[in-house]
Amino acid sequence: MTADLFATLLSWAVTLSGYPAPAEPPVVVSKPHEFFVEQACHGQQCKVLGWYAGGKNVYVDETLDPENNLFASSIVVHEMVHYLQGVARGDDALKGGVAFNIAPSCEQSIQWEHQAYAVQREYILRYGAYLPVGASMLHVHCEHGEANPVQR
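All values reported here derive from a predicted model rather than from experimental measurement.

Undergrad: I'd love a proper account of helix 1 (residues 3-17), names of residues and values included.
TA: Taking 1.5 Å of rise per residue, 15 residues should cover 21 Å, and helix 1 covers 21 Å from first to last C-alpha, within 8% of that figure. Three or more residues of helix 1 are buried, namely Leu-5, Phe-6, Leu-9, Leu-10, Ala-13, Val-14, Leu-16 and Ser-17. Buried residues along helix 1 sit in contact with strand 1 (27-31), helix 3 (70-89) and helix 5 (106-126). Looking one or two residues beyond helix 1, the residue adopting positive phi is Gly-18, at roughly 85 degrees.

Right, here's the structure in full:
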């Protein structure tokens, strides 16, 4: 995977999200699926293929081929939107590598996901394709007293 490809995908994320271009681009890091199971899914099997946890790294599953596959490149765009959200928040997370200075509300977390999926869908549509990304978010909501989104 090349730096030029990631610069282009970051440009898509900036253009479609409306966030300003960051002073520094994120570093895209390929990881085996087990990394996502352990880190993003707390040891539970999951279908996560990309993850932004704060800091400068955007993680993508090593099986993805964003250079030759539209769905794979859309995942990178989605995660870059999360990076742009972090930059826009002004989080010191970009220095410290933790996701948030103050944990976001459940509602805020869902809003950020909706925005990233909307950009991902628009990116795919601009290539004249339709892929049903983000459908799982339709069943995600916040319950009274819950800090994290719940899927029903």
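From this point, things continue past the structure.
Undergrad: Any details on the packing of aromatic side chains? Residues and values, ideally.
TA: When we look at a pair of aromatic rings, we describe it by the centre distance and by the angle of the planes. As enumerated under the stated definition, the model contains eight aromatic pairs in all. Seen from their ring centres, Phe-35 and Phe-36 are 5.4 Å apart, and the 85 degrees between their planes marks the pair as edge-to-face. Members of the aromatic cluster, joined through ring pairs, are Phe-35, Phe-36, Trp-51 and Tyr-59. Residue placement shows Lys-31 over the ring face of Phe-35; its charged tip is 5.1 Å from the ring centre.

Undergrad: Quick one: what's the story with the sheet that holds strand 3 (residues 57-61), residue by residue and with numbers?
TA: The strand order across the open sheet formed by three strands is 1-3-2, and the pairing between neighbours is mixed. The sheet is open, and its two edges are formed by strand 1 and strand 2 (50-52), each paired on a single side. Taken over all neighbouring pairs, the strand axes of this sheet differ in orientation by 25 degrees on average, direction set aside. With three bridges joining them, strand 2 and strand 3 adopt antiparallel strand pairing. Looking at strand 3, one finds that Trp-51 is bridged to Tyr-59. Across the face of the sheet, helix 3 comes into contact with strand 1, strand 2 and strand 3 while running at roughly 10 degrees to strand 2.

Undergrad: Hey, could you go over the nonpolar core for me, with residue numbers and the actual values?
TA: In this structure, Phe-6, Leu-9 and Met-80 are the most contacted members of the largest nonpolar core, which totals 28 residues. Listing elements by their share of this core, those giving two or more residues are helix 1, helix 3 and helix 5. Not counting residues within four places of it along the chain, the set of residues in contact with Met-80 comprises Phe-6, Leu-9, Leu-10, Ala-13, Pro-26 and Val-28.

Undergrad: Please provide a residue-by-residue account of the state of the cysteines, values included.
TA: Applying the stated criterion across every chain yields a total of two disulfides. Between Cys-41 and Cys-46 runs a disulfide, and the two sulfur atoms are separated by 2.0 Å. When the S-S torsion is 85 degrees, as for the bridge of Cys-41 with Cys-46, the disulfide is right-handed. Here Cys-106 pairs with Cys-142 through a disulfide, and the sulfurs are 2.1 Å apart. On the sign convention where negative is left-handed, the bridge of Cys-106 and Cys-142, at about -100 degrees about the S-S bond, is left-handed. With Cys-106 in helix 5 and Cys-142 in the loop between strand 4 (140-141) and strand 5 (150-151), the pair connects residues that are 36 residues apart, well separated along the chain. Sequence-ordered numbering of the bonded cysteines in the protein gives a pairing of 1-2, 3-4.

Undergrad: So what about helix 3? Which residues, and what values?
TA: Along its 20 residues, helix 3 runs 29 Å from first to last C-alpha, staying within 8% of the 28 Å computed at 1.5 Å per residue. With 15 of 20 residues buried, helix 3 is to be regarded as a mostly interior element. Where helix 3 ends, the next residue or the one after it, Gly-90, has phi of about 75 degrees, a positive value.

Undergrad: Pulling in residues and values, what's your account of unusual backbone geometry?
TA: A positive phi angle, near 55 degrees, is found at His-42, a position not held by glycine. Taking relative accessible area as the criterion, His-42 reaches 67% and is therefore assigned exposed.

The rules behind the values
Residues numbered from 1 in each chain as written. Predicted model: local features only at pLDDT ≥ 70, side-chain atom pairs only at ≥ 80, totals over all residues. Heavy atoms only, no water. Helix = DSSP H or I, 4+ residues; strand = E, 2+ residues; numbered from the N terminus. Expected span 1.5 Å × (residues − 1). Buried < 20%, exposed > 50% of the residue type's maximum accessible area, 1.4 Å probe, protein only. Contact = heavy atoms within 4.5 Å. Phe/Tyr/Trp six-rings, centres within 6.5 Å; stacked < 30°, edge-to-face > 60°. Lys NZ or Arg CZ within 6 Å of the ring centre and 35° of its normal. Pairing = 2+ DSSP bridges. Axes fitted to C-alpha atoms, helices over the stretch in contact; angles between N-to-C directions. Core = buried A, V, L, I, M, F, W, Y, C linked by side-chain atoms within 4.5 Å. Disulfide = S-S within 2.5 Å.

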